[in-house]
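# Observations on chain architecture
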Amino acid sequence: MLISGAGVAGLTLAYWLAHYGMEPVVIERAEHLRDDGFVIDFFGAGYKVAERMSLLHDLEAIHCPVLELIFLDGSGRRRITIPYENMRMLLDDRHFSFMRGDLVQLLARKTDSPVRFSTSIMALEQDKERVNVTLTDGSEETFDLVVGADGVHSNVRRLVFGPEERFSRPLGYTIVAFVVEHLDVRSDVFYTLTAPGRRIGVFPLLDGRIAVFFFYRSLQPPTQATIMDELQISFGSLGWLVPDLLELAGKEERLYVDALTQIIMPQWSQGRVVLLGDACHCVSPAGSQGASLAMVGAYILARELGSQHDRLTAFRSYEKQLKPGITRRQQVGQKAARFFFAPENTFFIALQGLNLRLMNWPLAAPLLRRNFAWQDEFAL
């Protein structure tokens, strides 16, 4: 079996396929494991999968603990302060925060499957028995199955199902993320500055560096040539440390830039090719839990392939178990982008503040926990 993509989904799948006695081949188009991205909150059903992989101690080691969440207005004035433990308590302390790239590195160490870097699929042809694959290194190989775990801009999806535009649902926002060596902020606080249609996050990492992200309304995906102009237009009028952050972004050679997009597909497999993770069900950062859901999908797909003699039955069962929960998360993401991540106006910002303040009210805990009830809806 060939797995295209050495990210969270692909590496988790490789681990579980080996658990069921299979020997997958993993390829990755990048020259090395990707370490870009941003800080993610990891909880929900993926936490259960990590627990079954005996990863919790390792995740604790890469977890970036902070004491407080401080929410600022556009001028930098403090709006709300929430003890970080309040948020974790809503999740029964089954929660970690870390850089997505650190999770990828950890999964790579956990799996025994080697990764062939700088390699992707140029073409593939399949029949009822096999898939013939032409790779970018010039080799031609045959596999029983091919898994496209190569992200929201999936090459496998393009080759088998058609152009990305058929399945992409832009949410109308752009995220820009990078890491700086030093910033004059507290090392135990996650800062979030919110203004209508815009949001900035500043998160301290374990090694003393600071992860920064810009999140803003953008009708057209930016290019590398236009991104700094867009950031200046969207954030240039804001206070606090924003001028310094914009200056640092302009000097950064490794900006992570992407439009927030969801991938919605009528089916996730065709013949002997199946998609996994963001390649078939990206919920976007606004929907949250992309990494967690990728691990859940990998676990379920491997389990079905390991227990079903017929791959078509395995593919259908995998999709049937996962898709309803994914659909609900995508619906949440569509609303969250407008109302929580970057509220469109001052009224929505006020509503966001009301919801945040509930975290400081113990009597509201049962109500807030209901927002996370979806984490148990997958049959693991």
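Structure shown above.
Here, residues in each chain are numbered from 1, in the same order as that chain's written sequence. Local features in this predicted model are restricted to residues whose pLDDT is 70 or higher, and side-chain atom pairs enter the listing and the counts only when it is 80 or higher, whereas totals over whole chains, interfaces and linings include all residues. Side-chain metrics rest on all non-hydrogen atoms present in the structure, leaving aside hydrogens and water.

### Remarks on the overall build of the protein
When helices and strands are tallied, the protein shows 14 helices and 18 strands. Taken against the 2.2 N^0.38 rule, which gives 21 Å for 380 residues, the C-alpha radius of gyration of the protein at 21 Å falls within 12% of a compact globule. The C-alpha extent of the protein, read off along each of the three principal axes, is 65 × 50 × 35 Å. Within the span of the protein, comprising 380 residues, buried residues form 55% of the whole. For the protein, the share of sequence-separated contacts (at least 6 apart) that also reach a separation of at least 24 residues comes to 72%. When the accessible surface of the protein is split by element, carbon and sulfur atoms take 51% of a total near 17,100 Å². Each helix is a run of H or I in the DSSP string that is no shorter than four residues. Each strand is a run of E no shorter than two, and both are numbered from the N terminus. Radius of gyration: C-alpha atoms only; globule rule: 2.2 Å multiplied by the number of residues to the exponent 0.38. For each residue, the accessible area found with a 1.4 Å probe, counting protein chains only, is set against the maximum for its type, and the residue is called buried under 20%, exposed over 50%, and partly exposed in between. Any two residues having at least one pair of non-hydrogen atoms within 4.5 Å are treated as being in contact. For the area figures, the Shrake-Rupley method with a 1.4 Å probe applies, and any residue is considered shielded solely by the protein chains shown.

### Side note on the layout of surface pockets
Considering only enclosed or pocket space, the second largest pocket measures out at about 390 Å³ in volume. What lines the second largest pocket is a set of 19 residues, and nearest its centre among them are Asp35, Met99, Val179, Arg209 and Arg254. Among the elements of the structure, α5 (100-110) and β12 (168-180) are those that each provide at least two residues to the lining of the second largest pocket. Residues are called lining when one of their atoms sits within 4 Å of a cavity or pocket point, these points coming from a 1 Å grid over the protein atoms alone, where a cavity is a set in which a 1.4 Å probe fits but cannot get out and a pocket is an open set with protein on both sides within 12 Å along at least five of seven lines. Grid points are joined across faces, edges and corners, and a volume is the space filled by probe spheres set on the points.

### Quick word on the sheet that holds strand β8 (residues 121-126)
Whether two strands pair depends on DSSP finding at least two bridges between them. Overall, antiparallel pairing links the three strands, which are arranged β8-β9-β10 in an open sheet. Strand pairing shows two members of the sheet lacking a second neighbour, β8 and β10 (140-143), which therefore form its edges. When the angles between neighbouring strand axes are averaged without regard to direction, this sheet yields 25°. Pairing geometry for β8 and strand β9 (residues 131-135), over five bridges, is antiparallel. To obtain an axis, a line is fitted to C-alpha atoms, over the contacting stretch when the element is a helix, and the angle between two such axes runs from 0 to 180 degrees between their N-to-C directions.

### Description of a nonpolar patch on the surface
Here a patch means residues that are over 30% exposed by relative accessible area and free of salt bridges, tied together within 9 Å if like-charged and within 5 Å if nonpolar (Val, Leu, Ile, Met, Phe, Trp, Tyr). For this document, the term salt bridge refers to a Lys or Arg side-chain nitrogen within 4 Å of an Asp or Glu carboxyl oxygen. Taken together, the side chains of Phe347, Leu351 and Leu354 make up a nonpolar region of the molecular surface, amounting to roughly 310 Å² of accessible area. Take Phe347: it is sitting in helix α13 (residues 346-357).

### Overview of the state of the cysteines
Cysteine sulfur atoms are paired as a disulfide whenever they fall within 2.5 Å. Summed over the entire model, instances satisfying the criterion amount to zero disulfides. Not engaged in a disulfide, the cysteine Cys280 finds its nearest cysteine sulfur in Cys282; these two sulfurs lie 10.0 Å apart. Cys282 sits in the buried class, given a relative accessible area of 6%.

### Some words on the nonpolar core
Each nonpolar core is a collection of buried residues, namely Ala, Val, Leu, Ile, Met, Phe, Trp, Tyr and Cys, held together in the definition by side-chain atoms within 4.5 Å. Residues Leu59 and Met295 are the most contacted members of the largest nonpolar core, which totals 102 residues. Considering every element that reaches this core, the biggest residue donor is helix α11 (residues 290-307), with 11 residues. Those residues in contact with Met295 that lie beyond four places of it in its chain are Val8, Thr12, Phe42, Val49, Ala50, Met53, Leu55, Leu103 and Leu107. Counting residues in each nonpolar core, the second largest holds 27 residues, with Val180, Val212, Phe214 and Ile227 among its members.

### Some remarks on unusual backbone geometry
Phi angles above zero are rare outside glycine, and Asp93 is one such case at about 60°. Following the sequence through the fold, Asp93 ends up in the loop between α4 (84-90) and β6 (95-99). Unlike most non-glycine residues, Trp240 shows phi in positive territory, near 60°. Along the polypeptide, Trp240 turns up in the loop between α7 (227-235) and α8 (242-251).

### Description of the packing of aromatic side chains
Two rings from Phe, Tyr or Trp (for Trp, the six-membered ring) form a pair when their centres are within 6.5 Å of each other. A pair whose planes differ by under 30 degrees is stacked, one over 60 is edge-to-face, and the rest are tilted. This structure, assessed with the given rule, holds 13 aromatic pairs. Grouped by ring-pair contacts, the aromatic residues Phe178, Phe214, Tyr216 and Phe235 constitute a single cluster. Placement of a charge over a ring requires the Lys NZ or Arg CZ to be within 6 Å of the ring centre, with the centre-to-atom vector within 35 degrees of the ring normal. Over the aromatic face of Tyr173 sits the side chain of Arg217, whose NZ or CZ is 5.1 Å from the ring centroid.

### Observations regarding the sheet that holds strand β15 (residues 210-217)
Pairing within the open sheet is mixed, and its seven strands lie in the order β5-β4-β13-β14-β15-β12-β16. In the strand order of this sheet, the two ends are held by β5 (78-83) and β16 (256-263), each with one partner. Recorded for the sheet is a direction-independent mean angle of 20° between the axes of neighbouring strands. In the sheet, strand β4 (residues 68-72) pairs with strand β13 (residues 189-195) via five bridges, with the strands oriented parallel. Looking across to β13, one finds that Leu69 is bridged to Phe190. α7 rests against β12, β14 (198-204), β15 and β16 of the sheet, and its axis sits at about 80° to β15. On the sheet, α13 packs against β4, β5 and β13 and is oriented at approximately 25° with respect to β5.

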